[in-house]
Amino acid sequence: MAAEILTEDLLRISLQRLSREVVKSYPQFGEMLAQNMLRTCGLIPDVERAEHYRQLGTLLIDLGRLYLAEADVLSTVEMPPT
């Protein structure tokens, strides 16, 4: 039980930090992350939490794809001659 609580606390802390960073480049995702994060609270039934974890996982995967695509674009931009 203590390990489960610790894991949930670490997940929440990580998601809070992630939300703050994401807002800098994708503000619309910051709000969605915050909302989904609140819905993973241990006070709701496990079945509901599982669904929110699925939604949050999908959101994180989509966000990761956006960042990877942006990295690809940035890495192919040619530097102007100096």
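Residues numbered from 1 in each chain as written. Predicted model: local features only at pLDDT ≥ 70, side-chain atom pairs only at ≥ 80, totals over all residues. Heavy atoms only, no water.

With respect to helix H3 (residues 46-76)
So, step 1. An ideal rise of 1.5 Å per residue puts 45 Å on 31 residues; H3 measures up with 45 Å between its terminal C-alpha atoms.
So, step 2. Buried residues of H3: Arg49, His52, Leu56, Leu59 and Leu63, and no others. (Helix = DSSP H or I, 4+ residues; strand = E, 2+ residues; numbered from the N terminus. Expected span 1.5 Å × (residues − 1). Buried < 20%, exposed > 50% of the residue type's maximum accessible area, 1.4 Å probe, protein only.)

Remarks on helix H2 (residues 27-38)
So, step 1. Here H2 spans 17 Å end to end across twelve residues, near enough to the 16 Å set by a 1.5 Å rise per residue.
So, step 2. Burial in H2 covers these residues: Phe29, Gly30, Leu33, Asn36 and Met37. For H2, the angular spread of buried residues about the axis comes to 140°, placing them on one side. (Arc of directions from axis to C-beta.)

Here we look at the nonpolar core
So, step 1. Listed in full, the nine residues of the largest apolar core are Leu15, Val22, Tyr26, Phe29, Leu33, Met37, Leu56, Leu59 and Leu63.
So, step 2. Elements that contribute at least two residues to this core include exactly helix H1 (2-25), H2 and H3.
So, step 3. Not counting chain neighbours up to four residues away, the residues in contact with Tyr26 comprise Leu63, Leu66, Tyr67 and Glu70. (Core = buried A, V, L, I, M, F, W, Y, C linked by side-chain atoms within 4.5 Å. Contact = heavy atoms within 4.5 Å.)

Concerning the pattern of salt bridges
So, step 1. Counted according to the given criterion, the structure contains four salt bridges.
So, step 2. Ionic pairing is found between Glu21 and Lys24, a salt bridge with its closest N-O pair at 3.1 Å. One end of the pair, Glu21, and the other, Lys24, are both in helix H1, three residues apart, so they sit about a helical turn from each other.
So, step 3. Between Glu51 and Arg54 there is a salt bridge, and its shortest N-O distance comes to 3.9 Å. Taken together, the residues span about one helical turn, with Glu51 and Arg54 both in helix H3 at a distance of three residues.
So, step 4. The class for Glu51 is partly exposed, based on a relative accessible area of 38%.
So, step 5. Judged by relative accessible area, which is 55%, Arg54 ranks as exposed. (Salt bridge = Lys/Arg side-chain N within 4 Å of Asp/Glu carboxyl O.)

A look at the environment of Glu31
So, step 1. When you line up the elements, Glu31 lands in helix H2.
So, step 2. Classification of Glu31 by relative accessible area gives partly exposed; the value is 47%.
So, step 3. Sequence separation between Glu31 and Ser19 is twelve residues, and the spatial gap between their C-alpha atoms is 7.7 Å.

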